[in-house]
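This is what each chain is made of:
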Amino acid sequence: MVRHFLKDDDITPAEQAAIIRRAIELKKSPYSARPYEGPKTVALIFDKTSTRTRVSFAVGVADLGGVPLIIDSQSSQMGGKESVADTARVLDRQVAAIVWRTYAHHGLEEMAANSKVPVVNSLSDDYHPCQLLADLMTIQEHKGQLAGLKISYIGDAANNMANSYLIACAMAGMHVSMASPAEYLPSAAIVKRAESIAAETGGSIEVHGDPVAAIAGADVVVTDTWISMGQEAEKAKRVADFAGFTIDSALMARAKADAIFMHCLPAYRGYEVSAEVIDGPQSVIWDEAENRLHAQKALLAWLAEQR
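Attention here is on the structure that accompanies the text. Within every chain, residues take consecutive numbers counted from 1 along the sequence as written. Reporting of local features is limited, given that this is a predicted model, to residues whose pLDDT is at least 70; pairs of side-chain atoms are given and counted only at 80 or more, and all residues count toward the totals for whole chains, interfaces and linings. Only hydrogens and water are set aside when side-chain values are computed; all heavy atoms of the structure are taken into account.

What follows concerns the environment of Thr 138. We count a stretch as a helix when DSSP gives it H or I for four or more residues in a row; a strand needs E for two or more, and each element gets its number in order from the N terminus. Mapping Thr 138 onto the fold places it in helix 5 (residues 129-143). Note on classification: 1.4 Å probe, protein chains only; a residue is buried when its accessible area is under 20% of the maximum for its type, exposed when over 50%, partly exposed between these limits. Residue class for Thr 138 comes out buried when judged on its relative accessible area of 0%. For the pair Thr 138 and Asp 287, spaced 149 residues apart in the sequence, the C-alpha separation amounts to 6.7 Å. Note on definitions: a residue-residue contact is assigned when non-hydrogen atoms from the two residues lie within 4.5 Å. Every residue in contact with Thr 138, bar those within four places of it in the chain, is listed here: Met 262, Val 284, Asp 287, Glu 288 and Asn 291.

Side chains of strand 8 (residues 220-223) alternate between two faces, with Val 220 and Val 222 and Val 221 and Thr 223 buried alike. Of the strand pairs in this sheet, strand 5 (residues 150-154) and strand 8 are connected by 3 bridges, and their pairing is parallel. Residue pairing across strands places Tyr 153 opposite Val 222, the latter belonging to strand 8. Only when DSSP finds a minimum of two bridges between them are two strands counted as paired. The sheet contact formed by strand 8 and strand 9 (residues 260-263) spans 4 bridges and is parallel. Pairing of Val 220 across the sheet is with Ile 260, part of strand 9.

Attention now moves to helix 5. The end-to-end C-alpha distance of helix 5, which contains 15 residues, comes to 21 Å, matching closely the 21 Å that a straight helix rising 1.5 Å per residue would cover. With respect to burial, helix 5 is a largely interior element, 11 of its 15 residues being buried. Within the span of helix 5, buried status applies to Pro 129, Cys 130, Gln 131, Leu 132, Leu 133, Ala 134, Asp 135, Leu 136, Met 137, Thr 138 and Ile 139. Phi for Gly 144, located one or two positions after helix 5, is positive at around 80 degrees. The length a helix should cover is 1.5 Å for every residue beyond the first.

This brings us to the side chain of Asn 291. With respect to the helices and strands, Asn 291 occurs in helix 12 (residues 285-305). N or O atoms within 3.5 Å of each other form a polar contact, as long as, within protein, one can give a hydrogen and the other can take it, and as long as residues adjacent in sequence are counted only when both atoms are side-chain atoms. Of note is the side chain of Asn 291, whose polar atom sits 3.0 Å from the side chain of Lys 27. The residues contacting Asn 291, other than those within four sequence positions of it, are Lys 27, Ala 134, Met 137, Thr 138 and Glu 141.

Once that is clear, we can look at the state of the cysteines. Pairs of cysteine sulfur atoms within 2.5 Å are identified as disulfides in what follows. Taken as a whole and judged by the stated rule, the model has 0 disulfides. No disulfide involves Cys 169; its sulfur sits 13 Å from the nearest other cysteine sulfur, which is in Cys 264.

This brings us to the sheet that holds strand 9. Two modes of strand pairing occur in sheets, parallel and antiparallel, and in both the strands are linked by backbone hydrogen bonds. With parallel pairing, the 5 strands of this open sheet are ordered in space as 7-6-5-8-9. At either margin of the open sheet sits one strand with a lone partner, and together these are strand 7 (204-208) and strand 9. Across the sheet, the axes of successive neighbouring strands diverge by a mean angle of 20 degrees, strand direction being ignored. Axis lines are fitted to C-alpha atoms, over the contacting stretch for helices. Their N-to-C directions set the angle, which ranges from 0 to 180 degrees. Where helix 5 meets the sheet, it contacts strand 5, strand 8 and strand 9, and its direction lies at approximately 165 degrees from that of strand 9. Packing of helix 6 (residues 160-171) onto the sheet brings it into contact with strand 5, strand 6 (175-179), strand 7 and strand 8, and relative to strand 6 it is tilted by some 160 degrees.

Before going further, it helps to spend a moment on empty space enclosed by the protein. Whether a set of points on the 1 Å grid over the protein atoms alone is a cavity depends on a 1.4 Å probe fitting there but being unable to get out, while an open set qualifies as a pocket with protein on both sides within 12 Å along at least five of seven lines; lining residues are those with an atom within 4 Å of a point. Grid points are joined across faces, edges and corners, and a volume is the space filled by probe spheres set on the points. According to the stated counting rule, one finds 1 cavity of 30 Å³ or more in the structure shown. By volume, the largest cavity amounts to about 30 Å³. Around the largest cavity, the lining residues are Phe 5, Asp 8, Ile 11, Gln 16, Pro 129, Leu 132, Leu 133, Leu 136, Ala 168 and Met 171. Elements that contribute at least two residues to the lining of the largest cavity include exactly helix 5 and helix 6. No other element matches helix 5, which puts 4 residues into the lining of the largest cavity.

The next point concerns the packing of helix 3 (residues 84-91) against helix 4 (residues 105-113). Relative to each other, helix 3 and helix 4 sit at 45 degrees, their axes nearing to 8 Å. On the basis of the axis angle, helix 3 is oblique to helix 4. Handedness of the crossing formed by helix 3 with helix 4: right-handed. Contacts between helix 3 and helix 4 involve Val 84, Ala 85 and Ala 88 from the former and Gly 107, Glu 110 and Met 111 from the latter. Ten residues, namely Ala, Val, Leu, Ile, Met, Phe, Trp, Tyr, Cys and Pro, are considered nonpolar, four, namely Asp, Glu, Lys and Arg, are considered charged, and the remaining ones, Gly among them, are considered polar. Per-class residue counts for the contact of helix 3 with helix 4 are 4 nonpolar, 1 polar and 1 charged. To sort the angles, those under 35 degrees are grouped as roughly parallel, those over 145 as roughly antiparallel, those from 65 to 115 as roughly perpendicular, and the leftovers as oblique. When the near helix sits turned anticlockwise from the far one by under a right angle, the crossing is termed left-handed; a clockwise turn instead gives a right-handed crossing.

Below, the discussion takes up the pattern of salt bridges. A pair is scored as a salt bridge if a Lys or Arg side-chain nitrogen falls within 4 Å of a carboxyl oxygen belonging to Asp or Glu. Per the stated rule, a full pass over the model turns up 18 salt bridges. The salt bridge involving Arg 22 is made with Glu 305; its shortest N-O contact spans 2.9 Å. One end of the pair, Arg 22, is in helix 1 (residues 13-28); the other, Glu 305, is in helix 12, with 283 residues separating them in the sequence. Given a relative accessible area of 22%, Arg 22 falls into the partly exposed group. Its salt-bridge partner being Asp 86, residue Arg 89 comes within 3.0 Å of it at the nearest N-O pair. Placement of both Arg 89 and Asp 86 in helix 3 is noted, with a separation of 3 residues, approximately one turn of the helix. What you see here is one network of salt bridges that share partners, running through Lys 7, Asp 9, Asp 10 and Arg 193.

To continue, consider the nonpolar core. We call a set of buried residues a nonpolar core when its members are Ala, Val, Leu, Ile, Met, Phe, Trp, Tyr or Cys and they connect through side-chain atoms within 4.5 Å of each other. Leu 136, Ile 139, Ile 151, Tyr 165 and Met 174 are the most contacted members of the largest nonpolar core, which has 64 residues in total. At 9 residues, helix 6 tops the list of elements feeding residues into this core. When neighbours within four sequence positions are excluded, Leu 136 is seen to be in contact with Gln 16, Ile 20, Leu 146, Ala 168, Cys 169, Ala 172 and Met 174. Counting residues in hydrophobic clusters, the runner-up holds 23 residues, among them Ile 154, Ala 214, Ala 259 and Ile 285.

See below:
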């Protein structure tokens, strides 16, 4: 049975841990896995603009022995003259895997339902699971463990990054503490799912309205942009709504002295994070950005082996 990776819990906690271990190994030995030798082709579809996702997947597929086929959806028939289901049936006869950066998550579900090759969510409106594999890898590298650590997410808790942090970090046995304004709380269904997972892994979930309460004693501090793609018209309102939620040196000081700071990028200094934090000694954002490459290679190699 073909395996897909559309959301963080499409794999088990044990599988998540194995993929992260593999990612760390591949970082040390970049060409030790060659599942797409031949070469086989991997379709990389982009509905949204991209830097880190496009580069890391294209380089990763090449490192794994394959050929990355980059498809900008605006220049293809998909979603216009041709359905997602029909596109899946065309692609799966010619490529070894499909990676898609898109908007509505149901499109990925339709693609996977009609594909005989693995489909990977490289970002949707609901989840960003590949980013979380890279983030967990980065935390493992800097802290030596995941289980038992406290990770604090400050900012927009109603977005795809917050959803993935809740689920993926609960899977890793971490203690997740979130803070956001009342209008930007995480989905109740996502919180319930994360709490259910945490009950099995020894983690925990907390949701606060006060960033000071959420960040206290944190081992890892993370945030995301307040204004995601498609929300530019809401900028003034969002900046006002998130007043007091900027991670600056004073707020960062509430975390543990050896806490690390992470951001999936792009970042907007002076809004969700101050320059002295994101460019300071506790920031590991460049390791985090690089680790997209290694984590995604590990995921693609693992998916290729499941068939």
